[in-house]
Amino acid sequence: MRVTIAMACVAGALSAAPAKGSAQSARAAQSDSVPRTPATRWQFEQCMGGLSYGAPLKWALAYGMGFVRESEKRDWCFLGAVKVGFGGASMNVGLANSLGHWGSGTAVTAGVLRTFNDPMGATAKRTYVGGSVHLWPLLALGGEVGYYTRVGADPAGLSRGRGMVTWSTGFGF
């Protein structure tokens, strides 16, 4: 992208060079020599990644990619994210928004969560659907809170409710 902008600046300077005689062409050459910032656009790239601790996944690694629009004041990302931990794994889609230059932001995601043999505060080997709200107030430190509901038939004698509150805290980028 930077190469394209540089080539456009060089082409603009070369096309204005033969017409040095008039004041109008001198102003055009001067305005073409000033680098222009490209228009803000959506790009497919990494939105997030991190390490967290919480229920039901315990220690977990997260990675997300999506369509990112960066600007001077606020970045947006429509993302797909995977989070894998000792107690389970989840796949989510959502919208993230970073605020300013201090690493703060918010996100809202919805997804599917599958627990493994020993989840924290959830029924083992079950599938859940739900959503989460994520907040990182400063320097990519933050957390999330969500609510997920168990799907599928329950085995006889299962006394726990179908819903669970999920939470985690950690570091991400």
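Conventions and cut-offs
- Residues numbered from 1 in each chain as written.
- Predicted model: local features only at pLDDT ≥ 70, side-chain atom pairs only at ≥ 80, totals over all residues.
- Heavy atoms only, no water.
- Phe/Tyr/Trp six-rings, centres within 6.5 Å; stacked < 30°, edge-to-face > 60°.
- Helix = DSSP H or I, 4+ residues; strand = E, 2+ residues; numbered from the N terminus.
- Contact = heavy atoms within 4.5 Å.
- Pairing = 2+ DSSP bridges.
- Axes fitted to C-alpha atoms, helices over the stretch in contact; angles between N-to-C directions.
- pLDDT = per-residue confidence, 0-100.
- Patch = residues over 30% accessible without salt bridge, like charges linked within 9 Å, V, L, I, M, F, W, Y side chains within 5 Å.
- Areas by Shrake-Rupley, 256 points an atom, 1.4 Å probe, with all protein chains shown as cover.
- Salt bridge = Lys/Arg side-chain N within 4 Å of Asp/Glu carboxyl O.
- 1 Å grid on protein atoms, 1.4 Å probe; cavity = no way out; pocket = protein on both sides within 12 Å on 5 of 7 lines; lining within 4 Å.
- Points joined across faces, edges and corners; volume = space filled by probe spheres on them.
- Nonpolar A, V, L, I, M, F, W, Y, C, P; charged D, E, K, R; others polar.

An account of the packing of aromatic side chains is needed here, citing residue identities and associated values.
Under the definition given, this model contains four aromatic pairs. With a centroid separation of 5.5 Å and an interplanar angle of 35 degrees, the aromatic rings of W42 and F78 are classed as tilted. Of this pair, W42 sits in strand β1 (residues 42–55) while F78 sits in strand β3 (residues 74–85), placing them 36 residues apart in sequence. Taken together, the ring pairs connect Y53, W59 and W167 into an aromatic cluster.

Requested: an account of the environment of N97, with residues and values cited.
By the element assignment, N97 lies in strand β4 (residues 88–99). When the C-alpha atoms of N97 and W76 are compared, they prove to be 4.7 Å apart, with 21 residues separating the residues in sequence. Discounting chain neighbours no more than four positions away, the residues touching N97 are R74, D75, W76, S104, G105, T106 and W136.

Break down the sheet that holds strand β8 (residues 163–172) for me, citing the residues and quoting the values.
The pairing of strands in a sheet comes from backbone hydrogen bonds and takes either a parallel or an antiparallel form. Here eight strands make up a closed barrel; going around it, the order is β1-β2-β3-β4-β5-β6-β7-β8 and the pairing antiparallel. For this sheet, the mean inter-axis angle between neighbouring strands, taken without regard to orientation, is 25 degrees. As paired elements, β1 and strand β2 (residues 58–69) share twelve bridges and run antiparallel to each other. Directly across from S52, in β2, lies its bridge partner A60.

I'd like a rundown of the confidence of the model for the protein, residues and numbers included.
Residues with a pLDDT of 70 or more make up 72% of the protein, whose mean pLDDT is 78. Note on residues 25–32: pLDDT under 50 across the span, and six contacts to partners over four residues away in sequence or across chains.

Explain unusual backbone geometry residue by residue, including any values.
Note: most peptide bonds trans; most residues except glycine with negative phi. For the peptide bond that leads from A55 to P56, omega is 0 degrees, which places it in the cis range. Along the chain, P56 turns up in the loop between β1 and β2. Unusually for a residue other than glycine, K58 sits at a positive phi of about 60 degrees. Residues other than glycine seldom take positive phi values, yet K125 does so here, at roughly 55 degrees. Its location among the elements puts K125 in the loop between β5 (104–115) and β6 (127–138).

Go over a nonpolar patch on the surface, please, and point to the residues and values.
Together, L51, Y53, W59, L61, F86, V145, Y147, V165 and W167 make up a nonpolar patch on the protein surface, roughly 980 Å² of accessible area in all. Elements that contribute at least two residues to the nonpolar patch include exactly β1, β2, β7 (141–151) and β8. With respect to the helices and strands, the residue V165 is situated in strand β8.

Which residues make up empty space enclosed by the protein, and what values do they have?
Rolling a probe over the atoms, with the probe sized like a water molecule, indicates the empty space that remains. The tally for this structure, following the rule as stated, stands at one cavity of 30 Å³ or more. Here the largest cavity defines a volume of roughly 110 Å³. For the largest cavity, the lining is made up of 18 residues, of which L57, K83, L113, E144 and T166 are closest to its centre. Elements represented by at least two residues in the lining of the largest cavity include exactly β1, β2, β4, β7 and β8. It is β1 that contributes the most residues to the lining of the largest cavity, four residues altogether. Partitioning the lining of the largest cavity into residue classes produces eight nonpolar, seven polar and three charged.

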